[in-house]
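Residues per chain are reported as follows:
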Amino acid sequence: MAEQQEQAAPDAMMTRIGQVVMLHHGGDREEARGRFLNLWAEIGEDGDPLHRCTLAHYMADTQDDPSDELAWDLRALSAADELSDGRLAEHHQSLAVRAFYPSLHLNLAADYVKLGRSEAARGHLRRARGAVGALADDRYGDGVRAAIGRLELRLDGDGTSAETSGPDRFGGPGGETLGPPRRP
């Protein structure tokens, strides 16, 4: 009997979110924000946690107001708290929810820095640092660990203003946004 390799069916919503991410990375921030809002309306506040986490994480990057960015990053964290490893494995077998937390907390820390709330930033930075053990020793994991270190230095050096937080949300080595790892 021939063995068949089981593969998860493509997740159409994740594909659509990925397309909007590419639009945003291509420089069309306003259009990406509008499309993300439309997808969010489809998903809904009680929709699939993977979809909500992913979309909210990337939607935060399209915001002009740091308070709005914070609100979307908080939505991403809340959705991650509802996400199971089983659901995540349906999307990609090598991902684990615990690996999302370092970058989710890093993004929240960066948001709080922009808002001048250094104690809240430090709290999320401690959570990010405490969760880095879940990251692989790869380019992504190295990028998150380096970004945590940079933000720690900024906070230690009184780098609590929006000017020191950087425009790239402590992006990865290739300029990509750090967040829950996404793989096609």
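Residues numbered from 1 in each chain as written. Predicted model: local features only at pLDDT ≥ 70, side-chain atom pairs only at ≥ 80, totals over all residues. Heavy atoms only, no water.

Undergrad: Could you clarify how one ought to interpret the overall build of the chain in this entry?
TA: Secondary structure summary: the chain contains nine helices and zero strands in total. Reading the chain from its N terminus to its C terminus gives the helix and strand order α-α-α-α-α-α-α-α-α. In the chain, 63% of the contacts between residues at least 6 apart in sequence involve partners at least 24 apart. Accessible surface, the chain as shown: approximately 9,400 Å² in total, 48% of it carbon and sulfur. (Helix = DSSP H or I, 4+ residues; strand = E, 2+ residues; numbered from the N terminus. Contact = heavy atoms within 4.5 Å. Areas by Shrake-Rupley, 256 points an atom, 1.4 Å probe, with all protein chains shown as cover.)

Undergrad: What exactly am I supposed to notice about the nonpolar core here?
TA: If you look at soluble globular proteins, the nonpolar side chains tend to sit buried side by side. In this structure, Ile-17, Phe-36 and Leu-55 are the most contacted members of the largest nonpolar core, which totals 47 residues. At the level of elements, helix H1 (12–25), helix H2 (29–43), helix H3 (49–60), helix H4 (66–82), helix H6 (101–114), helix H7 (118–131) and helix H8 (139–156) are the ones that each hand at least two residues to this core. Apart from the residues within four sequence positions on either side, Phe-36 is in contact with Ile-17, Val-20, Val-21, Leu-55, Tyr-58, Met-59 and Thr-62. (Core = buried A, V, L, I, M, F, W, Y, C linked by side-chain atoms within 4.5 Å. Buried < 20%, exposed > 50% of the residue type's maximum accessible area, 1.4 Å probe, protein only.)

Undergrad: What should I look at first to understand the pattern of salt bridges in this one?
TA: Between side chains of opposite charge, a pair can form as their charged atoms come close. In total, this model carries 14 salt bridges according to the counting rule given. Here Glu-82 makes a salt bridge to Arg-52, at a shortest N to O gap of 2.5 Å. Here Glu-82, found in helix H4, pairs with Arg-52, found in helix H3; they are 30 residues apart in sequence, far enough to count as distant. Residue Glu-82 is classed as partly exposed on the basis of its relative accessible area of 46%. Judged by relative accessible area, Arg-52 falls into the buried class, the value being 5%. Here Glu-90 ties to Arg-87 by a salt bridge, and the two come within 3.5 Å at their closest N and O atoms. With Glu-90 and Arg-87 both in helix H5 (residues 85–91) and three residues apart, the pair spans about one turn of that helix. What emerges from the salt-bridge pattern is a single network uniting Asp-11, Asp-48, Arg-87 and Glu-90. (Salt bridge = Lys/Arg side-chain N within 4 Å of Asp/Glu carboxyl O.)

Undergrad: How should I be thinking about the packing of H1 against H3 in this particular structure?
TA: The geometry of a pair of packed helices is captured by two quantities: the angle between their axes and the separation between those axes. Packing of H1 against H3 brings their axes to within 10 Å, and their N-to-C directions diverge by 5°. Taken as axis vectors, H1 and H3 run roughly parallel relative to one another. Residues Met-13, Met-14, Ile-17 and Val-21 of H1 pack against Leu-50, His-51, Thr-54, Leu-55 and Tyr-58 of H3. For the contact of H1 with H3, the residue count by class is seven nonpolar, two polar and no charged. (Axes fitted to C-alpha atoms, helices over the stretch in contact; angles between N-to-C directions. Parallel < 35°, antiparallel > 145°, perpendicular 65-115°, else oblique. Nonpolar A, V, L, I, M, F, W, Y, C, P; charged D, E, K, R; others polar.)

Undergrad: I'm lost on H7 in this one. Help?
TA: The periodicity of an α-helix, 3.6 residues per turn, causes residues three or four places apart in sequence to face the same way. Taking 1.5 Å of rise per residue, 14 residues should cover 20 Å, and H7 covers 20 Å from first to last C-alpha, within 8% of that figure. What H7 keeps buried is the set Ser-118, Ala-121, Gly-123, His-124, Leu-125, Ala-128 and Ala-131. Tucked inside the fold, the buried residues of H7 contact H4, H6 and H8. (Expected span 1.5 Å × (residues − 1).)

Undergrad: What am I meant to see in the confidence of the model for the chain here?
TA: The predicted coordinates ought not to be read in detail in places where the model reports low pLDDT. Here the chain averages 83 in pLDDT, while 80% of its residues score no lower than 70. Segment residues 1–8 is flagged for pLDDT under 50; beyond a separation of four residues in sequence, or across chains, it makes one contact in the model. Under a pLDDT of 50 for its full length, residues 159–179 has, in the predicted model, 53 contacts with residues more than four places off or in other chains. (pLDDT = per-residue confidence, 0-100.)

Undergrad: Honestly, the packing of aromatic side chains in this entry has me stumped. Any pointers?
TA: Any two aromatic rings considered together are summarised by their centre-to-centre distance and by the angle between their planes. Summed over all chains, the structure comprises one aromatic pair. Their ring planes at 85° and their centres at 5.0 Å tell us that Trp-40 and Trp-72 sit as a pair that is edge-to-face. Remark: Trp-72 occurs in helix H4 and Trp-40 occurs in helix H2; sequence separation between them is 32 residues. Using a relative accessible area of 10% as the deciding quantity, one classes Trp-40 as buried. Taking the relative accessible area as the measure of exposure, Trp-72 reaches 8% and is therefore buried. Across from the ring centre of Trp-72, 4.2 Å away, lies the NZ or CZ of Arg-75, which sits over that ring. (Phe/Tyr/Trp six-rings, centres within 6.5 Å; stacked < 30°, edge-to-face > 60°. Lys NZ or Arg CZ within 6 Å of the ring centre and 35° of its normal.)

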